[in-house]
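Chains, contacts and geometry: an overview
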Amino acid sequence: MSSITIVGAQWGDEGKGKIVDWLASKADIVVRFQGGHNAGHTLVVEGKSYKLSLLPSGIVRQKTSIIGNGVVLDPQALLKEIARFRDQNIHITPEILKVAENCPLILPSHVALDQARERARGDKKIGTTGRGIGPAYEDKVARRAIRLCDLLESKTLNWRLDELLFHHNALLTSLGEKNFTKEDTLRYINEVATQILPFMAPIPELMAQYIHENKFILFEGAQAIMLDVDHGTYPFVTSSNTVPSQTGIGSGTGPRSGGYILGIAKAYTTRVGEGPFPTELFDEDGQYLGKKGCEFGTVTGRPRRCGWFDSILVKHAVQVGGLDGLALMKLDVLDGLTEIKIATGYELDGAVLHRFPYNLEAQKRLKPIYETLPGWSESTYGIRLRSELPVAAQRYIERIEALIGVPISIISTSPEREDTIMSVNLWS
Ligand code: IMP
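The rules we used
Residues numbered from 1 in each chain as written. Predicted model: local features only at pLDDT ≥ 70, side-chain atom pairs only at ≥ 80, totals over all residues. Heavy atoms only, no water. Domains from an automatic or database assignment. Contact = heavy atoms within 4.5 Å. Buried area = accessible area lost by both parts, 1.4 Å probe. Salt bridge = Lys/Arg side-chain N within 4 Å of Asp/Glu carboxyl O. Polar contact = N/O pair within 3.5 Å; in protein donor to acceptor, adjacent residues only side chain to side chain. Nonpolar A, V, L, I, M, F, W, Y, C, P; charged D, E, K, R; others polar. Pairing = 2+ DSSP bridges. Helix = DSSP H or I, 4+ residues; strand = E, 2+ residues; numbered from the N terminus. Buried < 20%, exposed > 50% of the residue type's maximum accessible area, 1.4 Å probe, protein only.

**Brief notes about the domain arrangement of the protein**
Once the domains are mapped, the protein shows domain 1 (3-101 + 200-260), domain 2 (108-197) and domain 3 (264-422). Placing a centre on the C-alpha atoms of domain 2 and another on those of domain 3 gives a separation of 38 Å. Listed by partner, the interface residues are 6 residues for domain 2 and 4 residues for domain 3. Summing both sides of the interface, domain 2 and domain 3 together bury roughly 390 Å²; the carbon and sulfur share of this comes to 49%. If you look at where domain 2 meets domain 3, you find 1 salt bridge. For K125, the salt bridge is made with E274, and the minimal N-O distance between the two is 3.7 Å. Where domain 2 packs against domain 3, one counts 2 residue pairs in polar contact (both at pLDDT 80 or more). Of the residues contributing to the side of domain 2 that touches domain 3, the split by class is 1 nonpolar, 3 polar and 2 charged.

Shown next, in the form of structure tokens:
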């Protein structure tokens, strides 16, 4: 197997960091293919902790790291992240980090627009990370974006910036916000351009070469399938396609490059930001999961909403994402519960549903139908063999497999890399 794609199978924060770092240690190339610096995770490598947002995880181990064209690039955020790594003695050079020429840029006016829109939405806000992600993707599709390669051509940059600021300022004015001048924006662009342009590289050509050389490529998804702009809980989603089909588009490699597709899910469910969440808990079980699972957002620090495992939601992710297997994270958080629930269907207006509906109002009205399984009192923390898990934990996992239709190929029993049960040979 020469490539693997990792994607979140719920609403993000499934603990991808641990699996991604573990796979990155084996990979030759690590590729980001969507999202931006709205993503965030912490890697602990040899006792040192590293915060990643825009950089592919391979960077910590000095693996060739690609930021593909499917990513929206905030140059200042990237430079800050590079500087943070420099302070931690990791030097990021153009030999290691390569950024696609056709990456759309996030400029200060995108950030202002994102935040102004959220304020204007009031109680209908999406709960974005406020980093300009949505406006940047809008501009890409509207053919208004400034892309990294445009920084090479002052003539192109000039008229593209006029068009972009005309649009942004009209919106900002209508929202009662301050406008951006061309001079300030150009000054900002020129400042970052000299530092960012050395990282620009012809990604499709390089990727073709890596594939030809049979390099082991890890495609690192950000956010998660339920935040996908087409298949998630729209409009409470991010603005990119987070599904694995995006790997080819977002890296210029065609549809067959993704290899084994591994979804990551927690043994329960969490969500940050707004939007429907059928199995959300408002009782002491929810508090227990939040406290024991340390459920606070890496990027924004917001407490995460918590609930039981929703097999219909994950089955939806399996279907729209074409997942080959699932990694089940944070199983140990469930230790000590006398009973554990899994949603196996929904009740919607008196009818029983076994699929996740796309209609927002229907999503809000879903009432989960639960199956209750016995919990376990023993600790699963650090167990490395599936057969050594408490019998009730094994039954819980088998039940999830039966409900979602793909094997649980990886089980994580602690934040430590070695505490991982693997029942698929990803390296064959
Ligand atoms: P945006 O991506 O900043 O536009 O935010 C849109 C939605 O996606 C919000 O609900 C965010 O909380 C959510 N979101 C964005 N990035 C992440 C992530 O990395 N983990 C979890 N949720 C995210």
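We are not done yet, so read on.
**Observations concerning the sheet that holds strand β2 (residues 29-32)**
Ordered in space as β7-β6-β5-β2-β8-β1-β9-β13-β17-β18, the 10 strands form an open sheet in which the pairing is mixed. Lying at the two open borders of the sheet, with one neighbouring strand each, are β7 (200-201) and β18 (420-422). The sheet contact formed by strand β17 (residues 408-412) and β18 spans 3 bridges and is antiparallel. Of the residues in β18, the one forming a bridge with I410 is M422.

**As for the environment of L337**
When you line up the elements, L337 lands in the loop between β13 (325-329) and β14 (339-348). On the accessibility criterion, L337 (9% relative accessible area) is buried.

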